[in-house]
Amino acid sequence: GGGGGADLGWGVAGGGRGFGVAGGGGGLGVLVQGAGVGVGGESTCGTGVAGIAVHEEYLASEDGSKTHLCAYVPAAAVSAPVGTVFIQTPYNVEGLQIKALMFASAGVAVVTEDMEGRFDSTGTWDLWRNTPRNSATTAAWIRSQAWSNGRIGVTGVSANACGAYLSRLGDP
């Protein structure tokens, strides 16, 4: 991180990627650094707002596909890990940016994920077969992050609700 801000390590395999929340003076800034960019070379995660770090990641699944996710982490998580709202979608994570920023502004982390085979995720879209497996992979990733207190809640309507139901994350 820069400007006196703390640095959180994302703990992802394959390199020293990370992000920091830059601060100092009168307020917080945001530094965004991701593992890659979406279709067309632009991130579909957005840029966040003051006090919220945004990170883009691709998680490998058991079948070799990669699911695309965006993590929105409030600055407070630097000193005290927070719970996470996890939202999976076949409709494109880009449409969840405002909802994610609203949750993160309230002090919880948010992870949005394109379901396998949809938008920036690779593989074959099969809501009923792939979603439970990919949910477990993403939940393990969330729980391994320095900013996570291990508690995960899910939300959604329509197919997003199916993703929430199928995720079966155990205790929140």
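Being a predicted model, the structure only gives us computed values, none of them experimental.

Rules and cut-offs
Residues numbered from 1 in each chain as written. Predicted model: local features only at pLDDT ≥ 70, side-chain atom pairs only at ≥ 80, totals over all residues. Heavy atoms only, no water. Disulfide = S-S within 2.5 Å. Helix = DSSP H or I, 4+ residues; strand = E, 2+ residues; numbered from the N terminus. Salt bridge = Lys/Arg side-chain N within 4 Å of Asp/Glu carboxyl O. Pairing = 2+ DSSP bridges. Axes fitted to C-alpha atoms, helices over the stretch in contact; angles between N-to-C directions. Contact = heavy atoms within 4.5 Å. Expected span 1.5 Å × (residues − 1). Buried < 20%, exposed > 50% of the residue type's maximum accessible area, 1.4 Å probe, protein only.

> In this structure, what is going on with the state of the cysteines? I would like to understand it.
Two cysteines joined by a covalent bond between their sulfur atoms form a disulfide. Going through the model one piece at a time under the given rule, you end up with one disulfide. What pairs with Cys-45 in a disulfide is Cys-70, and their sulfur atoms sit 1.9 Å apart. The chirality of the disulfide connecting Cys-45 with Cys-70 is left-handed, given an S-S dihedral of about -80°. Taken together, the residues span a long stretch of sequence, with Cys-45 in the loop between β2 (18-20) and β3 (52-60) and Cys-70 in strand β4 (residues 66-74) at a distance of 25 residues.

> So what exactly am I meant to see when it comes to the pattern of salt bridges here?
If charged atoms from side chains of opposite charge come close, those side chains can pair. Scanning all chains against the criterion turns up three salt bridges. A salt bridge links Arg-133 to Asp-63; its shortest N-O distance comes to 3.2 Å. One end of the pair, Arg-133, is in helix α2 (residues 127-143); the other, Asp-63, is in the loop between β3 and β4, with 70 residues separating them in the sequence. Shared partners join several salt bridges into a network, and the residues in it are Asp-63, Glu-116 and Arg-133.

> I'm lost on the sheet that holds β3 in this one. Help?
The pairing of strands in a sheet comes from backbone hydrogen bonds and takes either a parallel or an antiparallel form. Taken together, five strands build an open sheet; the order of strands is β3-β4-β6-β5-β7 and the sheet is mixed. Since the sheet does not close on itself, it has two edges, and those belong to β3 and β7 (148-154), each with one partner. Within the sheet, the average angular offset between the axes of one strand and its neighbour, ignoring direction, is 25°. As paired elements, β4 and strand β6 (residues 109-114) share four bridges and run antiparallel to each other. Residue pairing across strands places Cys-70 opposite Thr-112, the latter belonging to β6. Relative to the sheet, helix α1 (residues 97-105) contacts β3, β4, β5 (82-89) and β6, its axis offset from that of β4 by approximately 40°.

> Could you clarify how one ought to interpret α2 in this entry?
Three- or four-residue spacings in an α-helix give side chains the same orientation, since the helix completes a turn every 3.6 residues. The end-to-end C-alpha separation of α2 is 23 Å, in line with the 24 Å expected for 17 residues at 1.5 Å each. Among the residues of α2, those classed as buried are Leu-127, Asn-130, Thr-131, Arg-133, Asn-134, Ser-135, Thr-138, Ala-139, Trp-141 and Ile-142. Along its buried surface, α2 packs onto β3, β4, β5, β6, β7 and α3 (159-167).

> Looking at this structure, I do not really get the side chain of Asn-92. What am I missing?
Residue position: Asn-92 is located in the loop between β5 and α1. Taking relative accessible area as the criterion, Asn-92 reaches 15% and is therefore assigned buried. Not counting residues within four places of it along the chain, the set of residues in contact with Asn-92 comprises Asp-114 and Phe-119.

> What should I look at first to understand unusual backbone geometry in this one?
In terms of backbone geometry, most residues other than glycine have negative phi values and most peptide bonds are trans. One non-glycine residue, Asn-92, lies in positive phi territory at about 100°. Positive phi is not limited to glycine here, since Ser-158 has a value of about 60°. Structurally, the position occupied by Ser-158 is in the loop between β7 and α3.

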